[in-house]
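Architecture at a glance
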Amino acid sequence: MITIASLVNGRPSRGFLSRLRSRRYAAYWMVLPLFALIVGLIVYPFVYSIYLSLENKAETKFVGLKNYAMLLRHGTFWLVVGNSFRFTLIAVFFKATLGLILAMILNNLPFRGQRIWRGVSLIPWVMPLALSSMGWWWVFEPTHSAINWLLVQFGGAAKPWLSDPFWARVSTIVTNIWYGTPFFMIMYLAGLKSIPQSLYEAAQIDGAKALQRFRYVTLPMLSKLIAITVMFSTIVTFANFDIVRVLTRGGPRYTTHLFGTYAFNVGIEAGHLPRGSAVALFMFPILGLAAFFILRNIARGEE
Amino acid sequence: MTGSLAARQKRKVRLSYLALVPFLVFFLFPLYWMLITSFKTDHEITSLKGIPLLIQSAPTLAHYKMILFKTEFVTWFWNSLLIAVVVTVLTMAIAILAAYAISRLTFLGSRYFGVGVFCTYLVPPALLFIPFYKVVGILGLLNTKWCLLFLYPTLTVPFCTWILIGYFAAIPRALDEAAFVDGATYIQMLTKVFLPVASPGLIAATMFAFTVSWAQFLYPLAYIYKTSEMMLTNGIYTTLIRGDVYFWGELMGGALLASVPVVILFAFLMDYYVAGLTRGTIR
Amino acid sequence: MAKVTLQNVSKNFGQVKAVCNFSLEVEDREFLVLLGPSGCGKSTTLRMIAGLEELTEGDIFIGNELVNDLPPRDRKIAMVFQDYALYPHMTVYQNMAFGLKLAKHPKFEIDKRVREAADILGIHELLARKPRELSGGQRQRVAVGRAIVRKPSVFLFDEPLSNLDAKLRGQMRVELSKLHHTLRTTIVYVTHDQVEAMTMGTKIVVMKDGLIQQVGEPMEIYRYPVNKFVGGFIGSPGMNFVPARIAAEESGLVIDAASFKLPIPPDKDAFLADKTGQDLILGIRPEHIEDRAFAEKGVFSGVITATVEVVETMGAEVQLDVTTGEHTLVARVDPRTRAKRHEPIELAVEMDKIHIFETEPPSSRIKTE
């Protein structure tokens, strides 16, 4: 036990310091569960999935890169690749932009109002995605779509939301934007609040008008946050499953598939687990690249 | 006299509220649509007459009754609750220990753990579910809810550890030291000083673990086929569509009911939720 | 350069009256200091001049132009903020050039002005650096440089030295005074530090609770504070206040503080004669109390016997905390003093320099000259 006397005399009581040293060993024990989880339930399955992807359908023998070759020759696969990129890039762009705009709008509101509407705006993100996707499914449902009804009322034409490749893609992207924008909003709102008011005032005195203040103060101060959120969202959006699965199941004719849903289709529904594994693994290098940029960004920010 | 600055300020606020409206419509419309559908009669849902944006004939509770009494909704609810709670407890146990060690006790490789935790994001469920299929099968847990106890933590633990590291690191060491000088043992310091001060972070992490577990769809869908073992998400999705017939009223009602616990949790603890998200990234 | 006129300016934040009926004329080329404790309304007043806060009532003129409704950029002002507010992602050069760039000045003109300002402040080797690479003092100079470049009619400073350490503050005070002379500009400067106010200001406005307490030149405020608050605020260490009464004795009027009595100089009699018997407050500055052994006779005519509590050796002088009866006093005495803790000492008071204040708020000073 530590005593004032021991502090004063400079000689710490035996018990405390030696326990402190053993604290170091305790640390290893404390991270062990995490370590075990990461190694056992993430690294190992990952490695196993690579191994799986190199087997034949019956999983009896090793066939090398045959599954990958088959996929690359398969037109459907390229549909999936293209759609995944398209889906991710478009959705993330809109989510970030709308999120920033919404954050700026909310930031202008007085405290009480801001808190309430910020909370309301977060509901899409808080609601389980599979369930809200079901809601959107009903919104887009061909015969009874509310949107189509509105369009028709205003003199437009009903759109085949889920049955036409183009519109089906639009539906999935819109649903993703609906789901993800609140995340960006909440991040950028916090970011906006961390910008010192005096910077804006200095800019005002320097003669900057509102748009110029946005360009010369807001954007530069948020740039790091924007980079990080965009990268994170890219990773998560790329790996999306729920929305496409519920809305279109990848159809019509495989045009809305993402890597995750196609892997599910090939691996579990069609029963070709190794090939499904190969599909899913295609995601990894792309996610890795995005992660690399994030880490580099964070590292740069630390200096 | 003055006026210009004040008037401009008021106008800015008014315009902001105006600009907020389209966003709110966008965010809330699907929920509204789900809500009224769940109260409309089947006849009204399928009819193409009138204004679908309103409930035109008398609202009905038939769909909710059907969900609650004629399907295994209640079973799914308890399944989801059970799994979510157990996973949350497991997650917090692992995450608190690890986050404390990483943020407070410098040891060999502690820095790499932070990076390592982040890298688990690169192996999302959409990738892992395939090898897990085999693993779960081998363990004989296919088609049971218990397999989820192993799988959900892969999602929740890294994220919660990440959040907690942020919170723990922000607590000044001087606080621990003050506790020692005041005569606390290490355990007392942890339980009476450190963890209480970190409680917003603990609450936020707990909320995330619970919410993520509750909302999971891919894993249950991939591994569970017996309806009595299903979670709310895949239960509603798979059983409320019989062949070509979509029970929209039940689907919407079910989806809303299933979302209620999480949204209520959020409503009460919103500030912790928000703080948990934004804490780590804002420097 | 221009003068600044505030007429009956008031600012309310909801129910809180931050500034009340503030009227002031700042002459051209004056270095005007708004001085007061936190919350007295000095920053709010400055921000109203800048156009960053709107007035609840009153008018502000810069030059002869009514600026109430003008946005900051049209008021021909420049401001140095407490946290410098330098744009972190721009270099020093870009920070200083920013305002001119926005106003679309030609490039060579911008360059000329930036370099001129950099020369005046001695920061030309910092021009390519970013703010995070600079020390506090350097950032401060860049902030001032950014203001100079705008060639404003009025410079506004909002507690610019508060974030600097003591030594740097001292250096910057000198620099800012020099700057004032070089640029011959009108400056309105806000601070809570009375040393800054006294050393740099040509005129000081002491504020409290949104109201002007006193306006005057530094020495005038020092010598003739208008009330107890101003008397106590100016001067460090602060003025000693002792409750006392005036009594008439054979030798003349004395001021009686129970544990000591001080004879009032005859030339003050006329002013104090009708205050005998009243409860009053005696104010004596520590620098006007001396160790009797070293006090110039005649000048230091009052005597106080006290017990020493604390002796603080400052080098050029010694600061004593003494007690006499129920009162505690601070005295700044000759360093040759033999004062020792817990020992008695005889102190002499420069009676010409004492102040007498009413007890009733606002405790105005009774004029004795």
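None of these values were measured; they are calculated from a predicted model.

Helix and strand content of chain C: nine helices and 20 strands. Taken along its principal axes, the extent of the C-alpha atoms in chain C is 80 × 45 × 35 Å. Here chain C holds 369 residues, and 44% of them are scored as buried. Contacts spanning at least 24 positions in sequence make up 65% of the contacts within chain C whose residues lie at least 6 apart.

All right, on to the pairing of strand S6 (residues 77-80) of chain C then. Residue and element names in this part refer to chain C. Residues Ile77 and Met79 point to one face of S6 and Ala78 and Val80 to the other, with burial holding for every one of them. For S6 and strand S7 (residues 154-158), the ladder comprises four bridges, and the chain directions are parallel. Across the sheet, the residue bridging to isoleucine 77 is valine 154, located in S7.

Attention now goes to the sheet that holds strand S5 (residues 65-66) of chain C. Residues and elements named next belong to chain C. With respect to topology, four strands assemble into an open sheet ordered S2-S1-S4-S5, the strand pairing being antiparallel. With partners counted over all chains shown, the strands left at the sheet margins are strand S2 (16-26) and S5, one partner each. Taken together, the two bridges between strand S4 (residues 57-62) and S5 define a ladder with antiparallel strand orientation. Each residue of the ladder has a partner; that of phenylalanine 61, found in S5, is leucine 66.

Counting residues at the interface gives 76 residues for chain A, matched by 72 residues for chain B. Each residue belonging to the side of chain A that touches chain B can be placed in one class, and the counts come to 57 nonpolar, 15 polar and four charged.

Residues and elements named next belong to chain C. Assigned domains within chain C: domain 1 (4-233) and domain 2 (240-358). In this structure, domain 1 and domain 2 have C-alpha centres spaced 39 Å apart. Contacts between domain 1 and domain 2 engage five residues on the former and five residues on the latter. Of the residues belonging to the side of domain 1 that touches domain 2, the class tally is one nonpolar, three polar and one charged.

For the rest of this paragraph, the subject is helix H4 (residues 136-149) of chain C. Owing to its 3.6 residues per turn, the α-helix aligns residues three or four sequence positions apart on the same side. Residues and elements named next belong to chain C. For H4, with 14 residues, the first-to-last C-alpha span of 20 Å sits near the 20 Å given by 1.5 Å per residue. Counting buried residues in H4 gives eleven out of 14 residues, a clear majority hidden from the surface. Within the span of H4, buried status applies to Arg139, Gln140, Arg141, Val142, Ala143, Val144, Gly145, Arg146, Ala147, Ile148 and Val149. If you follow the buried residues of H4, they end up packed against S6, helix H2 (92-102), helix H3 (107-121), S7 and helix H5 (166-183). Remark: lysine 151 follows H4 within two positions and exhibits a positive phi of approximately 45 degrees.

With that settled, the discussion passes to the sheet that holds strand S8 (residues 186-191) of chain C. All names here are of chain C. Strand order across the open sheet formed by six strands is S6-S7-S8-S3-S9-S10, with mixed pairing between neighbours. Looking at the sheet topology across the chains shown, the edges are occupied by S6 and strand S10 (211-216). Recorded for the sheet is a direction-independent mean angle of 15 degrees between the axes of neighbouring strands.

This brings us to the pairing of strand S14 (residues 279-284) of chain C. Residues and elements named next belong to chain C. In this structure, strand S11 (residues 240-249) lies alongside S14, joined through six bridges in antiparallel fashion. Note on S14: the bridge partner recorded for alanine 244 is leucine 280. Where S14 lies against strand S20 (residues 355-358), four bridges are found, and the strand directions are antiparallel. Directly across from leucine 280, in S20, lies its bridge partner glutamate 358.

With that settled, consider the packing of helix H8 (residues 173-181) of chain B against helix H9 (residues 186-197) of chain B. Residues and elements named next belong to chain B. Contact pair H8 / H9: the axes reach a minimum separation of 10 Å and the direction vectors enclose 155 degrees. By the angle between their directions, the pair H8 and H9 is classed as roughly antiparallel. As for the relative orientation of H8 and H9, their crossing is right-handed in sense. Across from Leu175, Asp176, Ala179 and Phe180 in H8, the residues of H9 making contact are Met189, Val193, Phe194 and Val197.

Here we take up the confidence of the model for chain A. Per-residue pLDDT for chain A averages 85, and the proportion of residues at 70 or more is 90%. Throughout residues 1-13 of chain A the model reports pLDDT below 50, and contacts reaching past four residues in sequence, or to other chains, amount to 13 contacts.

Turning to the packing of helix H12 (residues 259-269) of chain A against helix H6 (residues 125-138) of chain B, a few remarks are in order. Packing of H12 of chain A against H6 of chain B leaves a shortest axis separation of 8 Å and a crossing angle of 20 degrees. Here H12 of chain A is positioned roughly parallel relative to H6 of chain B, judged by the angle of their axes. Judged by the sense of rotation from one axis to the other, the crossing of H12 of chain A with H6 of chain B is right-handed. Only Ala126, Ile130 and Tyr133 of chain B of H6 of chain B make contact with H12 of chain A, whose side of the interface consists of Phe259, Gly260, Ala263, Gly267 and Ile268 of chain A. Class assignment for the residues of the contact of H12 of chain A with H6 of chain B results in six nonpolar, two polar and no charged.

This part covers unusual backbone geometry. Residues and elements named next belong to chain C. In this structure, the amide linkage connecting serine 236 to the following residue, proline 237, adopts the cis form with an omega of 0 degrees. You can see proline 237 is positioned in the loop between helix H8 (228-233) and S11. Cis geometry is found at the peptide bond from proline 361 to proline 362, where omega equals 5 degrees. Among the structural elements, proline 362 can be located in the segment after S20. The phi dihedral of arginine 184 falls on the positive side, at around 45 degrees, and the residue is not glycine. By the element assignment, arginine 184 lies in the loop between H5 and S8. Residue arginine 184 is classed as exposed on the basis of its 9 C-beta neighbours within 10 Å. If you check the backbone angles, alanine 258 has positive phi at about 65 degrees while not being a glycine. Along the chain, alanine 258 falls in the loop between strand S12 (252-256) and strand S13 (261-263).

Rules used throughout
Residues numbered from 1 in each chain as written. Chains lettered and ligands numbered in written order. Predicted model: local features only at pLDDT ≥ 70, side-chain atom pairs only at ≥ 80, totals over all residues. Helix = DSSP H or I, 4+ residues; strand = E, 2+ residues; numbered from the N terminus. Buried ≥ 20, exposed ≤ 12 C-beta atoms within 10 Å, placed from the backbone. Contact = placed C-beta atoms within 7 Å. Pairing = 2+ DSSP bridges. Nonpolar A, V, L, I, M, F, W, Y, C, P; charged D, E, K, R; others polar. Domains from an automatic or database assignment. Expected span 1.5 Å × (residues − 1). Axes fitted to C-alpha atoms, helices over the stretch in contact; angles between N-to-C directions. Parallel < 35°, antiparallel > 145°, perpendicular 65-115°, else oblique. Left-handed = near helix turned anticlockwise from the far one by under 90°. pLDDT = per-residue confidence, 0-100.

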